[in-house]
Amino acid sequence: MARIVLDDLAHSYRPHPTGQDDYALKRINTVWEDGGAYALLGPSGCGKTTLLNIISGLLIPSQGRVLYGETDVTRLPPEKRNIAQVFQFPVLYDTMTVRENLAFPLRNRGVSPADTATRVMEVAEALDLVSVLDAKASGLSADAKQKISLGRGLVRSDVAAILFDEPLTVIDPHLKWQLRRKLKEIHDRFNLTLIYVTHDQVEAMTFADQVVVMYDGEIVQIGTPQELFENPEHTFVGYFIGSPGMNLLPVTVDGETAQTGDSRIPLPPALAEKARAAAAAGATLTLGIRPMYLGLEDAGTGRGVAARITLVEDQGDCRIVTAAMGDVTVKARVPEGRAIPSQEARAVFPPEWTRIFADGRLLK
Amino acid sequence: MSFSISKVDKRVGRETYLADIDLHLESGSQNVILGRTLAGKTTLLRIMAGLDRPSRGGIAENGRDVTGVSVRKRNVAMVYQQFVNYPSLSVFHNIASPLKLAGMAKADIAARVREVAAVLHIDHLLDRLPQELSGGQQQRTAIARALIKDASLLLLDEPLVNLDYKLREELRTELREIFGKRDSIVVYTTTEPSEALMLGGNLVVMHEGRVLQTGRAEEVYRCPSSVTVAEILSDPPINVLRTRVDQAMAHLGDGLSVPLDGHLAGLSPGDYFFGVRSHHLFLERQHPRDIELHARVELAEINGSETFIHMTYNGRPLVVQEEGVHQRRMGEAISFFVRPRKFYIFDRDGALVRAPLFEDA
């Protein structure tokens, strides 16, 4: 199987949809390249699980086609597609040993005992399960059980893609790192396509080569974690990615300055020109800057915009500082060890990190 | 009201769920219990609520023993992980139910319900049924029902764990504000170190049924009493290096040694664990006094604004957390740098001997 193509896909759970609001998936046209690691990221209700279920075959879309390579698999059930799935809760046979669990899919397909044993050992090694191969699955921890669920998909040599639906939800934070590391190793070693659904942007951003951000049934942006972070195409992506999300301020543009209340923020000339043109065409403008890039300086420097600090939260490796610029609130992320002005401060907007959105879309 | 837990044990069959718990909570305090799954957080909360009895020891309110007093006779409100609402009642009636049970007048109930619903931004959903709501809205309904009682003890058991990442962020800020305005004792449990630090207040670190350390969250963070506490309270987990100290130097392995200067001065010879946080390890030299270590990249994770490099050093897993995007290939040999004065020194049993000195406020 080469790649997965979603052709004019849409889905409504209602038998007779009357309008856009009745659709869980609105219009999806996209290609998943062979061997890629993708994360489907979005808030609850955005349609990511619906999309995953259509890709896996658990759901037949009300419109459009799913192609694996050149083959139309839209109406094929999951067991007839060469995919494996890992869900939020481990799916395995509690009463069998780890070895038996991993061997099961192969025995089912009539693979010889010798080949089965080899493959089981290979996958057990890849997943660090060798030491528990002969233990009963029921007594193992949640993360070990998830590894077994994953292993049952990996043993099959005809599997070309693995689909994950929030697989780390039941795993303790300190173990999530290890599992994600395992997933990356598996990805590199077995060269499979991995599609991973999550509402947790940390998981999506650390796991995936390409993140697919969804909102309200649509794909809003596909890009690398860096692209999504530095150049979100939509204010929603700016808000959803990053903790805290992007500061978004409604502004008007006059000359080469963006204005909100009494605050005047300088813009690079080229961006200012585009902003003025968009406003002239009737667009509403929003200025965006990520907390990591917003500077906070002592009131005395006179640079930037006047701001009053209202809250400092210590997160250990950094502080999140909330400041009021007139009626508008902004947040800045200040690394450990750097001084924070006491109350009166200046908020500095580096032009290279200042973004303007027209009607929610990034001006480029 | 003050609340005490004295010498509480909880055993079920041969399993010890809680051992030797001693806690004293002041009126109006906000307390976070941080621990991994199965640390005993839920068990402890249920005993505090009066839903379970301890095997040994007791609980007291304002000095008065309430061990074994049924939860119905106590003044406790509890919020669970799986948003529990009455499915056949509207949001309004869900929130109103504790007041109805208490026999409050209808008009008064209505006013109180609207007030609490407004605080949680669900006042426009009062006519809906729980199944018509999103997860976040259902959990707010459950929280509203807990808040309306104005109970002296408000217990929340990982209340945000089943919600969206973004929603968790937003609700956490709202909850902190709500808790700050009340006189109740609030106890909130979580498995996430970042959540514990963000909520602030008093932190109770639990592990395998025991309380390991309590104190203000920032203080426990700066001075964890043991390697275990340091590991539980950091994400990514704190890096730990096996170190041998002799008369003059600390030997970190791989021929690397540091003189016993600064806060390392006067350490008695022996085996230690040196701990260093992942954001105190760097891919480039920051300072002339930095020491340089060598390892191989096992994994590089980039989340758009930060890079996490996973390596093994001297047989132990390490993570470097660095701002910005730094591409590194698996298997690549790299150098990383650390300032010796950032080391936490733990003895061979894992107990804290020295913490790094902190210059700024």
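None of the values given here were measured: they were computed from a predicted structure.

Student: Mind showing me how you'd approach the overall build of chain B here?
Tutor: Each helix and strand in chain B was counted, giving 8 helices and 21 strands. Along the first, second and third principal axes, the C-alpha set of chain B runs to 75 × 45 × 40 Å. The buried share of chain B, taken over its 361 residues, is 43%. A fraction of 64% describes how many contacts in chain B between residues 6 or more apart in sequence connect residues 24 or more apart.

Student: Where do I start with the overall build of chain A in this structure?
Tutor: Looking only at helices and strands, chain A features 9 helices and 21 strands. In terms of overall dimensions, chain A has C-alpha extents of about 75 × 50 × 30 Å along its principal axes. For chain A, the proportion of contacts with a sequence separation of at least 24, taken over those separated by at least 6, is 65%.

Student: Would you explain the domain arrangement of chain B in this entry?
Tutor: When the parts come together, some accessible area is lost, and that loss is often what is quoted as the size of the interface. Examined at the domain level, chain B breaks down into domain 1 (3–224) and domain 2 (239–354). Centre-to-centre separation of domain 1 of chain B and domain 2 of chain B, based on C-alpha positions: 39 Å.

Student: Explain the domain arrangement of chain A here, please?
Tutor: Residues and elements named next belong to chain A. Taken as a whole, chain A is organised into domain 1 (4–234) and domain 2 (243–362). Relative to domain 2, the C-alpha centre of domain 1 lies at a distance of 38 Å. Opposite the 4 residues of domain 1 that make contact, domain 2 presents 4 residues. For the side of domain 1 that touches domain 2, the residue count by class is 1 nonpolar, 2 polar and 1 charged.

Student: Looking at this structure, I do not really get the nonpolar core. What am I missing?
Tutor: Most often, soluble globular proteins have nonpolar side chains that are buried together. The biggest cluster of nonpolar side chains holds 100 residues, and the ones touching the most others in it are M48, I95, A144, L155, V205 and L233 of chain B. Both of domain 1 (3–224) and domain 2 (239–354) of chain B provide at least three residues apiece to this core. Apart from the residues lying within four places of it in its own chain, the contact partners of L233 of chain B are L34, P193, A196, V205, V220, Y221 and P224 of chain B. By size, the runner-up hydrophobic cluster in this structure holds 68 residues, among which are W32, L51, M205 and F236 of chain A.

Student: I would appreciate a short explanation of the interface of chain B and chain A in the present structure.
Tutor: Contact residues are listed per partner, giving 32 residues for chain B and 34 residues for chain A. Counting only elements with at least two residues in the side of chain B that touches chain A, the list comes to α5 (165–180), α6 (193–199), α7 (217–222), β16 (291–302) and β17 (306–313) of chain B. The element that contributes the greatest number of residues to the side of chain B that touches chain A is β16 of chain B, accounting for 4 residues. Residue classes in the side of chain B that touches chain A are distributed as 11 nonpolar, 10 polar and 11 charged.

Student: Whenever I open this one, the confidence of the model for chain B confuses me. Can you help?
Tutor: For any part of a model where pLDDT is low, the fine detail of the predicted coordinates should not be relied upon. Chain-level statistics for chain B give a pLDDT mean of 91 and a share of 99% at 70 or above. In the predicted assembly, ipTM is 0.81 and pTM is 0.85.

Student: Sorry if this is basic, but what is going on with unusual backbone geometry here?
Tutor: Trans is the common state for peptide bonds, and a negative phi is the common state for residues other than glycine. All names here are of chain A. Here the residue pair S243 and P244 is connected by a cis peptide bond, since its omega of 0° sits within 30 degrees of zero. Among the secondary structure elements, P244 is positioned in the loop between α8 (235–240) and β11 (247–254). Backbone geometry at E166 places phi at a positive 45°, although glycine is not the residue there. Note that E166 resides in the loop between β7 (161–165) and α5 (173–190). For E166, a count of 19 C-beta atoms within 10 Å translates into the label partly exposed.

Student: Which parts of the structure should I look at to understand the environment of A118 of chain B?
Tutor: Residues and elements named next belong to chain B. Checked against the element boundaries, A118 lands in helix α3 (residues 106–119). The class for A118 is exposed, based on 12 C-beta atoms found within 10 Å. As for A118 and A144, which are separated by 26 residues in sequence, their C-alpha atoms are 9.5 Å apart.

Student: Teacher, can you tell me more about the packing of α3 of chain B against helix α4 (residues 135–148) of chain B here?
Tutor: The relative placement of two packed helices comes down to the angle between their axes together with the axis-to-axis distance. Residue and element names in this part refer to chain B. In contact at an axis separation of 9 Å, α3 and α4 are set at 125° when each is read in the N-to-C sense. Considered as vectors, α3 and α4 are oriented oblique to each other. In terms of crossing hand, the pair formed by α3 and α4 is right-handed. Contacts between α3 and α4 involve R112, V113, V116 and A117 on the former and, on the latter, A144, L147 and I148. Tallied by class, the residues present in the contact of α3 with α4 amount to 6 nonpolar, no polar and 1 charged.

Student: When you look at the environment of T228 of chain B in this model, what are you seeing that I'm missing?
Tutor: All names here are of chain B. Tracing the chain through its elements places T228 in helix α8 (residues 227–232). Spatially, the C-alpha atoms of T228 and L212 are 8.5 Å apart, while their sequence positions differ by 16 residues. Residues contacting T228, with those up to four places away along its chain left out, are H207, L212 and G350.

Student: Before we go on, may I ask you to explain the packing of helix α4 (residues 142–154) of chain A against α5 of chain A in this structure?
Tutor: Residues and elements named next belong to chain A. Direction vectors running N to C along α4 and α5 enclose 15°, while the axes themselves pass 11 Å from each other. Overall, the two elements α4 and α5 adopt an arrangement that is roughly parallel. Judged by the twist between their axes, the crossing of α4 over α5 is right-handed. When α4 is examined against α5, the residues D143, Q146, K147 and L154 are found in contact with a partner set consisting of L175, L179, K182, I186 and F190. Its residues assigned to classes, the contact of α4 with α5 shows 5 nonpolar, 1 polar and 3 charged.

Student: Help me understand the sheet that holds strand β20 (residues 344–347) of chain B in this model?
Tutor: Working definition: the strands of a sheet are paired by backbone hydrogen bonds and lie parallel or antiparallel to each other. Residue and element names in this part refer to chain B. Overall, antiparallel pairing links the 6 strands, which are arranged β13-β12-β11-β14-β20-β21 in an open sheet. In the strand order of this sheet, the two ends are held by β13 (256–259) and β21 (352–354), each with one partner. The average angle at which neighbouring strand axes cross in this sheet is 35°, direction not considered. Two strands pair when backbone bridges link them, and β20 and β21 are joined in this way by 2 bridges, in the antiparallel orientation. Counted as the bridge partner of F346 is L352 from β21.

Student: Sorry if this is basic, but what is going on with the pairing of β16 of chain B here?
Tutor: The side chains of a regular strand alternate, first on one face of the sheet and then on the other. Residue and element names in this part refer to chain B. Bridge count between β16 and strand β19 (residues 333–338): 6 bridges; the pairing is antiparallel. Each residue of the ladder has a partner; that of H294, found in β19, is S335. Bridge count between β16 and β17: 6 bridges; the pairing is antiparallel. Along β17, the bridge assignment pairs E301 with F308. Counted along the chain from β16 to the antiparallel partner β17, the turn is 3 residues long, and its residue G304 has a positive phi close to 105°.

Student: How should I be thinking about the sheet that holds strand β5 (residues 64–65) of chain B in this particular structure?
Tutor: Residue and element names in this part refer to chain B. Ordered by their spatial adjacency, 4 strands build an open sheet running β2-β1-β4-β5, and the pairing between neighbours is antiparallel. The two strands at the open ends of the sheet, each matched to only one other strand, are β2 (15–25) and β5. Pairing analysis gives 5 bridges linking strand β1 (residues 3–12) to strand β4 (residues 56–61), with the strands arranged antiparallel. When the sheet's bridge partners are listed, S6 is paired in β4 with G58.

Student: Sorry if this is basic, but what is going on with helix α2 (residues 91–101) of chain B here?
Tutor: Residue pairs three or four apart in sequence face the same way in an α-helix, which turns once every 3.6 residues. For α2 of chain B, the set of buried residues is V91, F92, N94, I95, A96 and L99 of chain B. Those residues of α2 of chain B that are buried lie in contact with α3 and α4 of chain B.

Student: Would you take a moment to explain the pairing of strand β11 (residues 239–245) of chain B for this structure?
Tutor: All names here are of chain B. Alternating residues of β11 divide into N239, L241, T243 and V245, all buried, and V240, R242 and R244, none buried. As paired strands, β11 and strand β14 (residues 270–276) are joined by 7 bridges and run antiparallel to one another. Within β14, the residue paired with L241 across the bridge is F274. Pairing analysis gives 2 bridges linking β11 to strand β12 (residues 249–253), with the strands arranged antiparallel. Paired with R244 across the strands is H251, a residue of β12. The turn linking β11 back onto β12 is made up of 3 residues.

What counts, and at which threshold
Residues numbered from 1 in each chain as written. Chains lettered and ligands numbered in written order. Predicted model: local features only at pLDDT ≥ 70, side-chain atom pairs only at ≥ 80, totals over all residues. Helix = DSSP H or I, 4+ residues; strand = E, 2+ residues; numbered from the N terminus. Buried ≥ 20, exposed ≤ 12 C-beta atoms within 10 Å, placed from the backbone. Contact = placed C-beta atoms within 7 Å. Domains from an automatic or database assignment. Nonpolar A, V, L, I, M, F, W, Y, C, P; charged D, E, K, R; others polar. Core = buried A, V, L, I, M, F, W, Y, C linked by C-beta atoms within 7 Å. pLDDT = per-residue confidence, 0-100. Axes fitted to C-alpha atoms, helices over the stretch in contact; angles between N-to-C directions. Parallel < 35°, antiparallel > 145°, perpendicular 65-115°, else oblique. Left-handed = near helix turned anticlockwise from the far one by under 90°. Pairing = 2+ DSSP bridges.

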